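Coordinates in review
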Amino acid sequence: MTVNLSLKHRFEQFDLNVSFEAPKGLTVLFGASGSGKTTIINAIAGLLQPNHAQIKVGDTLLQDTDQGIWVPPHKRALGYIFQDSRLFPHLNVGQNLDYAGRVTGGMAARKSSVQQRSYVIDMLDIGDILKRRPATLSGGEKQRVAIGRALLASPQLILADEPLAALDAARKAEILPYFERIRDETDCPIIYVSHAASEVARLATTVVALKAGQVLRMGPALDVLADPSVMPVGVGSVGAVIEARVHAHHGDGLTELSAGGVTLYLPRLPQSLGAVVRVRLPASDVLLATCAPKDISALNTLQGQVQDIQAISDFAVLVTLKTQAGPVLARVTRRSVAALGLSVGVTCYAIAKTVAIAADDTADFT
């Protein structure tokens, strides 16, 4: 199932004008605050009526301003996950989950969804908190319940508006695997709002990069995040995304990966041998050398040729290398480029410290 939309809406700050098709999987709307991300999913949900809109989920037309079609929010068969979970405080977890069934169907529908309810509870590991009220839950537990409620609404589409923004790092690490499971184990497409490059690299099958109400670029995360011309949330978000296969787990706490024939070492990963993972290499953590490095502590070296050099400030540039593992970006000074004699076509070595690759920058992607 795909989502097709075309939206135009005038605000004081900017004019929103976007058109794109979100395929099956998890599509991330990626951009800085004020770029139009939440406006887009609120329009899909029916919480905002744009000046011009055509929104279609699968074969269902939710809105067409030219034809005067507008389906009310409660009839759109959508699951919406907010930043702050928005659970009913007077209901326990089980009752919050059941509320989705009461909205989307009668008693017969609820009885037919018993198996689905059990599956969702098991998937989200919330069976032991069904009797508890929201006030007694941690932030991560609340978001897991909110995810469950969205899934049990029998949605054609799930919308998630920066669902991890209010959580600390530990709670984010707790929730991310559940979005991966939804992406991989259900047929329901997800449109997910984020301005965190690590989330995008980990979750996205498709990225729509936005800036000031316009689409900068759309495509696979590996391509969009490695494009130095697409920096919707600043230079710090730029980096390469490499797909690799788990080759070995070593006794010294490292996992060995193979990426296009290139060996990489990361802090031990939970994935089993043979699993495909994504590794994000932020451009700011990559060093460059024109000779193969010797006698250094960094374990990861990727040989390649300079493909592009793009100025990003008065003193810094982004260098893109073409390697066997895929494009790799490095953020370095103009002085370094001059000292190394770098230009398009020059052979170069990208160096990344194993300990610099955070757990948030690796993810299962089978």
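Values in this document were obtained by computation on a predicted structure and should not be read as measured data.

Along its length, the chain carries nine helices and 21 strands. Relative to a compact globule of 366 residues, whose C-alpha radius of gyration would be 21 Å, the chain shows 22 Å and is just as compact. In the chain, which comprises 366 residues, the proportion classed as buried is 51%. Contacts in the chain between residues at least 24 apart in sequence constitute 66% of all its contacts with a sequence separation of at least 6. Taken as a whole, the chain presents about 16,500 Å² of accessible surface, with 50% of it coming from carbon and sulfur. Here the chain holds 35 positive side-chain charges and 33 negative ones, and the gap between their average locations is 4 Å.

Mapped onto the secondary structure, arginine 202 falls in helix α7 (residues 197-203). At 2.9 Å, the side chain of arginine 202 and the side chain of glutamate 180 are in polar contact.

When cut into domains, the chain gives domain 1 (3-226) and domain 2 (239-365). Spacing between the C-alpha centres of domain 1 and domain 2 amounts to 33 Å.

Before going further, it helps to examine the sheet that holds strand β6 (residues 69-70). Judged by pairing direction, the sheet is antiparallel, and its five strands sit side by side in the order β2-β1-β4-β5-β6 without closing on themselves. With partners counted over all chains shown, the strands left at the sheet margins are β2 (15-22) and β6, one partner each. As defined by bridge partners, strand β1 (residues 3-10) adjoins β2 across eight bridges and the pair is classed as antiparallel. Its bridge partner lying in β2, histidine 9 is registered against leucine 16.

Cut-offs used in this document
Residues numbered from 1 in each chain as written. Predicted model: local features only at pLDDT ≥ 70, side-chain atom pairs only at ≥ 80, totals over all residues. Heavy atoms only, no water. Helix = DSSP H or I, 4+ residues; strand = E, 2+ residues; numbered from the N terminus. Rg over C-alpha atoms; globule rule 2.2 N^0.38 Å. Buried < 20%, exposed > 50% of the residue type's maximum accessible area, 1.4 Å probe, protein only. Contact = heavy atoms within 4.5 Å. Areas by Shrake-Rupley, 256 points an atom, 1.4 Å probe, with all protein chains shown as cover. Lys, Arg positive; Asp, Glu negative; His and termini not counted. Charge placed at Lys NZ, Arg CZ, Asp CG, Glu CD. Polar contact = N/O pair within 3.5 Å; in protein donor to acceptor, adjacent residues only side chain to side chain. Domains from an automatic or database assignment. Pairing = 2+ DSSP bridges.

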